[in-house]
Amino acid sequence: MEMERGREKGDNICEAETNSVDWRGRPSNSIKHGGMKAAAFVLGLQGFEIMGIAAVGNNLITYLINEMHFSLSQSANIVTNFIGTVFILSLLGGYLSDSYLGSFWTLLIFAFVELSGFILLSVQAHLPQLKPPKCNNMLSTDNGDQLCVEAKGFKALIFFVALYLVALGSGCVKPNMISHGADQFNHQKQSKQLSRYFNAAYFAFSMGELIALTLLLWVQTHSGMDVGFAVSAAAMALGLITLVAGTLFYRNKPPQGSIFTPIAQVLVAAFLNRKHISPSDARMLHGTHTIKDVNPTLSHDNIGILLHTNRFRFLDKACIKVQDGNNSTKEISRWRLCTVTQVEQVKILISVIPIFACTIIFNTILAQLQTFSVQQGSAMNTKLTKNFHIPPASLQSIPYILLIFIVPLYDTFFVPFARKFTGHDSGITPLQRIGLGLFIATFSMVSAALMENKRRISAVNENKTISIFWITPQFLIFGLSEMFTAVGLIEFFYKQSLKGMQSFLTAITYCSYSFGFYLSSVLVSLVNKITSNSSHGGWLSDNNLNKDRLDLFYWLLAVLSFLNFFNYLFWATWYSKNQTTSATIQQDFNSKVVGDDSIA
């Protein structure tokens, strides 16, 4: 009987912690709602959504060059800007979800927006009056001018409207797929299942990418881009159906109101109180809690409390109790006095920024695999059999073929094995996983540089076209790298102790993709400018890779990636040192709140 009471109490506590509701807004039931059963529907949406967007993004450069008649460098920048916009808009999706709509409604609304963009893209690609006239990009006039006319005016407008409708929808959907799926698990009782979910999410991502880069790209190559875009629209429609099918099983976290207001209050209060001296005893700060302060009978009220830490002490000024005349502390505006928990949340946000920044170079490398490496493959022998040619963009499917086997093996064998030694539910910590991925990524660019040098020498000096399979190692190495870095980053951010900000924190991880792709565009322009002279226009200025020096550009990225790895080691060590003491105290605090192990 006592055990049953303990379990019931534990369930009530965990339910209060999640503060989740069903589709009608009633308190969720842990038996009927949540768990892997509910998360499976979200994983279905993720697989279909990435299938649609990957088929467009990974072969977009071919469409821009061959049918819209943009130059190689211009096309590469359009692709990177498009993908960068997708990920920067994830911040909007995360903000709307946590503050006003909730993750489910945000998913539903913006999935429809993405679907409309796919449909408009297929219409634009199908109607000849919405595209420039067909021509041969290799032909030119006697003056050296290209005969092809690039898309301009209304034709370009329709294309970019469609493209950025997809970007808006996909950007707002992406962070909420991860967070809504993770919200189906209780962080206290289902930590191992939550870690497994993150691996399952990457498996769904890999499956979607694999199908997009094989079947859907084959459709684009043999049936036309209009049919290919229509298939992407169909995949997105299936994703919507899957999302709606799980409505009865979801447990939804209601929005918390503006997530930026408490952050802004801390910054304003710290500035207004900047001339005051912080007390040497942290217990004098407003809203300070210690383990002794916790009343187990009021555990519901204690959930979400953070303890004071010594990092970024200047923010503690926001908690200084300043009496003004006859005003009591309770009457002081929240813009002049904040709680320690509120300040600690801002400290956490500041602490994770360097970790986030260290993954930008990683995603700059990813940008090359979706742009220049596709063109690299186009300049190679794509024949597999007498009548079958490999679409260059399909090379990106190679790492995902490997990963659909590696990810289950990693989750089934490596994680339990590593857990015996580390005691960590994920086998290795998210920070260790990110670092391993960043280290491996460098070798992807080393391989790319070596293979491009070999391809160029064979084409220029020996007049030979080598097989497209020579560039597969760079995709394989990066795919393995991404399995560690991408999943580790999402898990790291989602598990931060920031109540009601899980979607926004997940969106921050996607911003790393955005900044990486934007940095790629800047690097391409900067490298062209620095390396150009009177005799040629720079390493990447021509549409002919035999004249360009793509291999040198890859070497540059390899060096930047290697230096970035050591930069990450510094910040990861700094973060770990700052977290060790506070995490231990916080864990003791949370243990007392939730109760003993038999309960929670």
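The structure displayed is predicted, hence computed values, not measured ones. (Residues numbered from 1 in each chain as written. Predicted model: local features only at pLDDT ≥ 70, side-chain atom pairs only at ≥ 80, totals over all residues. Heavy atoms only, no water.)

Undergrad: It is not clear to me how the overall build of the chain should be interpreted in this structure. Could you clarify?
TA: Secondary structure summary: the chain contains 19 helices and 0 strands in total. Evaluated residue by residue, the chain yields a buried proportion of 54% over its 600 residues. By sequence separation, contacts in the chain at least 24 residues apart represent 83% of the contacts at least 6 residues apart. Within the structure as shown, the chain displays about 26,500 Å² of accessible surface, and the carbon and sulfur contribution to it stands at 62%. (Helix = DSSP H or I, 4+ residues; strand = E, 2+ residues; numbered from the N terminus. Buried < 20%, exposed > 50% of the residue type's maximum accessible area, 1.4 Å probe, protein only. Contact = heavy atoms within 4.5 Å. Areas by Shrake-Rupley, 256 points an atom, 1.4 Å probe, with all protein chains shown as cover.)

Undergrad: Honestly, empty space enclosed by the protein in this entry has me stumped. Any pointers?
TA: Leftover empty space is mapped by rolling, across the atoms, a probe with the size of a water molecule. Considering all chains together, one arrives at 2 cavities of 30 Å³ or more under this definition. What lines the largest cavity is a set of 29 residues, and nearest its centre among them are Ile 50, Phe 87, Lys 174, Phe 205 and Glu 209. The element that contributes the greatest number of residues to the lining of the largest cavity is helix α2 (residues 35-57), accounting for 6 residues. Class assignment for the residues of the lining of the largest cavity results in 21 nonpolar, 4 polar and 4 charged. (1 Å grid on protein atoms, 1.4 Å probe; cavity = no way out; pocket = protein on both sides within 12 Å on 5 of 7 lines; lining within 4 Å. Points joined across faces, edges and corners; volume = space filled by probe spheres on them. Nonpolar A, V, L, I, M, F, W, Y, C, P; charged D, E, K, R; others polar.)

Undergrad: Before we go on, may I ask you to explain unusual backbone geometry in this structure?
TA: Most of the time, phi is negative for any residue but glycine, and the peptide bond is trans. Backbone geometry places Phe 312, a non-glycine residue, at a positive phi of 50°. We note that Asn 463 has phi near 55°; this positive angle belongs to a residue other than glycine. In this fold, Asn 463 is placed in the loop between α16 (430-460) and α17 (472-494). For Asn 463, a relative accessible area of 71% corresponds to the exposed category.

Undergrad: Teacher, can you tell me more about the pattern of salt bridges here?
TA: Two side chains of opposite charge can pair, provided their charged atoms sit close to one another. Counted by the stated rule, this structure contains 8 salt bridges. One salt bridge connects Asp 411 with Arg 196, and the closest N-O pair in it is separated by 3.3 Å. Remark: Arg 196 occurs in helix α8 (residues 191-223) and Asp 411 occurs in helix α15 (residues 397-422); sequence separation between them is 215 residues. Residue classification places Arg 196 among the partly exposed positions, given a relative accessible area of 48%. In this structure, Arg 455 engages Glu 452 in a salt bridge whose closest nitrogen and oxygen atoms are separated by 3.0 Å. Linking Arg 455 with Glu 452, this pair stays in helix α16, spanning 3 residues, or about one helical turn. Here the salt bridges do not stand alone but share partners, grouping Arg 313, Asp 316, Glu 344 and Lys 347 into one network. (Salt bridge = Lys/Arg side-chain N within 4 Å of Asp/Glu carboxyl O.)

Honestly, it's all geometry; don't read function into it.
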